[in-house]
Amino acid sequence: MSDRRAVPDDTPLPASTEDLLRTLAPQVLGTLVRRFGDFDTAEDVLQEAMLAAATQWPHEGLPDNPRAWLIQVAQRRMADVVRAEVARRRRETTAFAREVADIAARDQDDSLAMLFLCCHPALSQASAIALTLRAVGGLTTEQIARAFLLPEATMAQRITRAKKKLAAVDRPFVQPGDAQWHARLGAVLHVLYLIFSEGHTAGSGSSLHRTDLSGEAIRLTRAVHRLLPGDAEVTSLLALMLLTDARRAARTSAHGELIPLAEQNRALWDRELIIEGTTLTTGTLTGGLRGPYQIQAIIAVLHAQAGCAEDTDWTTILAMYTRLEQLSDNPMVTLSRAVASAMVSGPSAGLVVAATLDERLAGNHRLDAVLGHLHEMAGDFAAAVTCYTAAAARTTSWPERDYLTVRAAGLRRHGHDRGTAADRPGRGQTTRVAAKHSAGVLLFRRTSGREVEVLIGHMGGPFWARKDLSAWSIPKGEYEPDSEDARAAAGREFTEELGLPVPDGDWIPLGGVRYGSGTKSKCLTVWAVEGDLDPADVVPGTFELEWPPRSGTIAEFPEIDRAAWFDTTTAREKLSAGQRPYLDRLTAHLTD
């Protein structure tokens, strides 16, 4: 047979051919619906055509143009239906008469048109998602119902109603350049974003992830990107999905417990997805900041580039959320800005932003969870417990509920040391590793020109000897919160590191920052004090270290090998990234 590539009679349909049929299905369905205007019948005849392909291709070989083959077979089935219902379906018979003579010559990919149809503004958000997964994603009604924890009959009715509504719409298709194109593209991207979000963090049930949904959203977004590679928002949405999905393996423990971003083991992040997502995002920047998905992708890149939580560039992230808030009147964006504000300017700044959402997010568990985090940062553990408990009661996600319950229980029993075992609802008992707590003092002074300078120390020891940028630190050290007050520890550590007492002055609380994961999880609390001292008077404390490694020789090194005053701009370059937010918090306090 000249137009086929023959395979042995007993060869089953290869997996690659099954993938081909799945890829072609929305394209063929789009063509049929566009030509005949009958969604239900088009879907039925497509299934018959695909069944015929699955039966015939293993024996007769793959056609040179599989898409044209499927369309021709489906159109013949459609013709049979039309002829059987001539009186009632004369419209389909007329449409069939317009069949293109040379279908290969006018080969057109209608999968994008199909996706746009499924996201028609006449449909509700829930209907658009369900129809997209069914008609474009190729999921069965049973699979979609299971993903959204609904009875199959309910989901079938939702899909059927959506098809009927589209059948009543005049000119439901749009093409590039049409007046509705850009508006409908936004709806398409929003539906894909919602599908991914539900898969990444399930809104209910016992599992944090639903990889069938997130994986399908990525697959469909890749398909849209192939068709619209120059669209910055399409590219950015794909990048955002990849960068977010890259963290999936680190988001839960072996027992399915939720692990927040700051405590995740970043070695588990998927570097290939991060590289791909970062490359896509970078390619959209030539035209500036143009859309919400692009800004969210930039934020995801900033998180991905931080080697540890303390290296996160929260100042830039705050600027991105501020810009995003200008483009999107979404309370969840404001909630994210509240967290970023707290990381840059202290928990009080975050609480001020979050207070503006009391009405818009009333009863929403995410607002309660963020408030709990901000109160915990501020040291108001009673308020944090109240908020975490309220959030746990309101969420329908079991992993989120368990995490919030344990967090509240840990604060209730041990203040801000959460390193205890706790009874998990429905999970038995799980042990959490205690965070290490550090406290320090950021000394500052004002020059004759009223410029602010801060005193910081270059970290001692062989690891830092040849480094300068990001190798300086606020004088700080570890303490045990059960036996020592954080402020007292900050003063003690300042004296131990510099050999000098903290100068007299008001202690300005700059709040805490939590970073790291597992046994490396840390919580740093800092106060600022205005005062002066001569770095030449510093007599640093020392520590011991086996050096060279595995030599058996124990050497003594200074905690800091030198101290110096710097203006805040220079200090920002020299401080480790995780401590830079304290400069912003100090500046914000002094300018209030």
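For clarity, every value in this text was computed on a predicted model and none was experimentally measured.

Here is what the cut-offs are and how they apply
Residues numbered from 1 in each chain as written. Predicted model: local features only at pLDDT ≥ 70, side-chain atom pairs only at ≥ 80, totals over all residues. Heavy atoms only, no water. Helix = DSSP H or I, 4+ residues; strand = E, 2+ residues; numbered from the N terminus. Contact = heavy atoms within 4.5 Å. Areas by Shrake-Rupley, 256 points an atom, 1.4 Å probe, with all protein chains shown as cover. Polar contact = N/O pair within 3.5 Å; in protein donor to acceptor, adjacent residues only side chain to side chain. Phe/Tyr/Trp six-rings, centres within 6.5 Å; stacked < 30°, edge-to-face > 60°. Buried < 20%, exposed > 50% of the residue type's maximum accessible area, 1.4 Å probe, protein only.

A. Structural view of the overall build of the protein chain. Looking only at helices and strands, one finds 22 helices and 15 strands in the protein chain. Long-range contacts, defined as pairs at least 24 residues apart, comprise 64% of the intrachain contacts of the protein chain with a sequence gap of at least 6. Approximately 27,400 Å² of the protein chain is accessible, and the part contributed by carbon and sulfur atoms is 52%.

B. Representation of the environment of D231 in the model. Tracing the backbone shows D231 in the loop between α10 (211-227) and α11 (232-245). Sequence separation between D231 and T284 is 53 residues; the distance between their C-alpha atoms is 8.5 Å. One polar contact links the side chain of D231 to the main-chain amide nitrogen of E233, over a distance of 3.0 Å.

C. Quick look at the environment of T587. Assignment of secondary structure puts T587 in helix α22 (residues 580-591). Residues T587 and S345, 242 residues apart in the sequence, show an inter-C-alpha distance of 8.5 Å.

D. Focus on the packing of aromatic side chains. Enumeration according to the criterion identifies five aromatic pairs in this entry. An angle of 90° between the planes, with centres 5.1 Å apart, marks the rings of W472 and F566 as edge-to-face. Separated by 94 residues along the polypeptide, W472 in strand β9 (residues 472-473) and F566 in strand β15 (residues 560-567) bring together distant segments of the chain. With a relative accessible area of 3%, W472 lands in the buried category. Ring centres 5.9 Å apart and planes at 35° place the aromatic pair F543 and F557 in the tilted group. Here F543 is found in strand β13 (residues 542-546), whereas its partner F557 is found in strand β14 (residues 554-558), with 14 residues between them in sequence.

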